[in-house]
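Structural overview
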Amino acid sequence: MSGAQPENSTGRKGKAVCALLLATSMFALLRPTALHAQETELRGEVSESAILSDQQRKARQLALAAQGQQPANAAQDNAPARTYLPASAGAVPDDADTGDATATGSLFDPPAATDDTSADIAAPPKPRRRSSTAGQNAADQAKDKAADKSKKKKKSTADTSDITASTTDATDGEDTDADTANRRALTIDSADRQKLDPGAERTDAIEGQKKKPEDDPFAATGVKWGSFVIRPTIEQGLTATSNGDSSSAGTSALLSETALRFSAASDWRENSATIDGYGLFRETVSGYPVHDAQGRIEGQLNVDLDNELRAIAKLGYEAVPESASSPDAIAGVSKQPLRQTIDGSLAVEKHLGKMQYTLTGAVSHDFYGDAKLSDGTSLSQKDQDSTLYTATLRTGYEISPALTPFTEIEVGRRTYDQRIDNEGFERSSTRLGARAGLALDMGEKLSGEFSAGWLREAIDDKNLDAISGATVNADLKWSPERGTTIGLTGRTTVEPTTTSGESGDILYSGRLTGERQIRANLTANAALGLDWRDYIGIDGHDRVLSAEAGLTWWLNRYAGLTTRVRTEKLTSNLPGRDYTANSIFLGVKVQR
């Protein structure tokens, strides 16, 4: 019995080992292992975010390695490379959280690991596969957070960024061949993009640029009306004068004075046009009775023609009561007659090299209203109605752009509507004149012209002497400094008359003006005047001296206060013509 027991125990042990080996072989044959093709690291579609995340991870590892630190996730980084991740879910069994695979009871479950070192068959290697995209992103985010915490404790963000940038460049150079298939595509406009010049100056904002100061910040801005810019002005005030109507019989008075003025200029591209006008109304508030109104409007059109021709057309209308100091004033009347004038001209200019030619034709028609006598009756002045036709040829030679001497020849005819006046004289006449002068054009400094000559107007009636004499005309403006303007005007006028036995007179008028802009809103002006009237046919003359000074203070661009004082004195060798008038004006001026 005792000899048989060892034999039976050995037999049972051999049978158990054989059964175990057989079962192990069956399990190994029945359960297929993971496909070895999946371990070839074949790459499928990879997103740019995954590539960037991988590059950043490698950069952080190199940065930490440079600092002598061991990354917290070193164990994970030493893991084998991730395998190919199939697109279809379930193609490869998911990895378990624990080290051992959980048996499902299937014939294809891998055999469990054993501690038996005597086993001849080792456990098959565990297949490797990539985790899902969501799991990979979660793992990368966890790595990022851990790395960021470590960086904040050891070094500033700026230093880490510099090291990361340098290591990223190195890593990119090493992985160029591997990432060739996933290289970012170039944009369409990448070739047109240019790097900014770091040395270029920054352009200032439009709102920040300094505006150029205005030359005259209180000048009228004007009102746009069609293609014209209109600048109206109204002046209202009171005038205290020692002579209400500037006559030998005038006395003191307080007058209400209103002045309306306007100017309009076109903004055409080539040609130009201007319109100017004024109106003056005076009414007595107290003292010597004065009730008069006067005004004028005139327009000018400049047109450039072919062949270097230029046409200048003018047209005007004026209504002025006969002055009490005029030689034709009627004594003993309550109201002097109203004289109305319609005038127009057309000029054509031609430049040939330095030669300049101008031909001008002009027409002026005067017609008078009736004078009202003190007894309420009226006296007709129709015998004074006349029309003057003139033609002037001007020739100039341009020595320089600033100097142009010239000569003028004038011919004309004056005709009266009533060929023989109430006194039986035939007043129509023939006009002939010649002048020589100099035109100046030095810009704002000095501009204008002056001339001198002789004028003769022969009356048809042989019993009346011809009106003849020297002529002086001038229109100059001089600016010695900015804000100061000096003006000089001179004019010679033939004044016919219907007084019995007289031919008329020649009036010489001169005026010197000055204007000074003391401040931007304060302007001063002054004027000196001299008139000389020479009677033809009789030994008589008049001399008129005048002086005026004024001041305008602008409260703003549209309103201001103005004042002026004036004195005028007429001295004559004819009886009943002397007078003196002193006045002062204070008012408000409004412009637009």
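1. What about the overall build of the protein chain?
Across its full length, the protein chain holds 5 helices and 22 strands. The buried share of the protein chain, reckoned over its 592 residues, is 27%. Sequence separation of at least 24 residues holds for 56% of the intrachain contacts in the protein chain that already meet a minimum separation of 6. Summing over all exposed atoms, the protein chain offers an accessible surface of approximately 38,200 Å²; the carbon and sulfur share of this is 56%.

2. Regarding a nonpolar patch on the surface
The grouping of Ile 234, Leu 260, Phe 281, Trp 553, Leu 555, Leu 561, Val 588 and Val 590 at the surface amounts to a nonpolar patch, some 670 Å² of accessible area in total. Tracing the chain through its elements places Leu 561 in strand β21 (residues 559–572). Note on Leu 561: relative accessible area 38%, which makes it partly exposed.

3. Things to note about the pairing of strand β9 (residues 355–368)
Here strand β8 (residues 338–352) runs beside β9; their pairing, made up of 14 bridges, is antiparallel. If you follow Asp 343 over to β9, its bridge partner there is Ser 364. Linking β8 to β9, which pair antiparallel, is a turn of 2 residues; within it Gly 353 sits at a positive phi near 65 degrees. Two elements, β9 and strand β12 (residues 386–397), share 12 bridges in a ladder whose sense is antiparallel. Residue Ser 364 lies in a different strand from β12, and its bridge partner there is Leu 388.

4. Thoughts on the packing of aromatic side chains
All told, the structure shown has 1 aromatic pair when counted by the stated rule. When the ring of Phe 228 is compared with that of Trp 268, the centres are 5.7 Å apart and the planes differ by 75 degrees; the resulting orientation is edge-to-face. Placement of Phe 228 in strand β2 (residues 228–241) and of Trp 268 in the loop between β3 (253–266) and β4 (272–287) is noted, with a sequence separation of 40 residues between them. Just above the ring of Phe 406 sits the side chain of Arg 394; from NZ or CZ to the centre is 3.6 Å. If you follow Arg 564 out to its NZ or CZ, it ends over the ring of Phe 585, 4.2 Å from the centre.

5. Notes on the environment of Tyr 558
Relative to the elements of secondary structure, Tyr 558 occurs in the loop between β20 (541–554) and β21. We classify Tyr 558 as partly exposed; its relative accessible area is 37%. Through-space distance from the C-alpha of Tyr 558 to that of Ala 219 is 8.4 Å; in sequence the pair is 339 residues apart.

6. Considerations on the side chain of Ser 247
Mapped onto the elements of the fold, Ser 247 is located in the loop between β2 and β3. Engagement of the side chain of Ser 247 in a polar contact is seen with the backbone nitrogen of Gly 250, the distance being 3.2 Å. When near neighbours in sequence (up to four residues on either side) are disregarded, Ser 247 contacts Ala 324 and Tyr 579.

7. Some points on the pairing of strand β6 (residues 309–321)
Sheet analysis places strand β5 (residues 291–304) next to β6, joined by 10 bridges and oriented antiparallel. Considered in β6, the bridge of Arg 296 is made with Glu 318. Turn length for the β5-β6 hairpin, with the two strands adjacent in sequence and antiparallel, is 4 residues, and the turn residue Asn 307 shows positive phi of about 60 degrees. In terms of strand pairing, β6 meets β8 through 13 bridges, oriented antiparallel. The residue bridging Gly 316 from the neighbouring strand is Asp 343, located in β8.

8. Description of the side chain of Ser 572
Within the element layout of this structure, Ser 572 appears in strand β21. Within the structure, Ser 572 has its side chain in polar contact with the side chain of Asp 542 (distance 2.4 Å).

Reading the values: the criteria
- Residues numbered from 1 in each chain as written.
- Predicted model: local features only at pLDDT ≥ 70, side-chain atom pairs only at ≥ 80, totals over all residues.
- Heavy atoms only, no water.
- Helix = DSSP H or I, 4+ residues; strand = E, 2+ residues; numbered from the N terminus.
- Buried < 20%, exposed > 50% of the residue type's maximum accessible area, 1.4 Å probe, protein only.
- Contact = heavy atoms within 4.5 Å.
- Areas by Shrake-Rupley, 256 points an atom, 1.4 Å probe, with all protein chains shown as cover.
- Patch = residues over 30% accessible without salt bridge, like charges linked within 9 Å, V, L, I, M, F, W, Y side chains within 5 Å.
- Salt bridge = Lys/Arg side-chain N within 4 Å of Asp/Glu carboxyl O.
- Pairing = 2+ DSSP bridges.
- Phe/Tyr/Trp six-rings, centres within 6.5 Å; stacked < 30°, edge-to-face > 60°.
- Lys NZ or Arg CZ within 6 Å of the ring centre and 35° of its normal.
- Polar contact = N/O pair within 3.5 Å; in protein donor to acceptor, adjacent residues only side chain to side chain.

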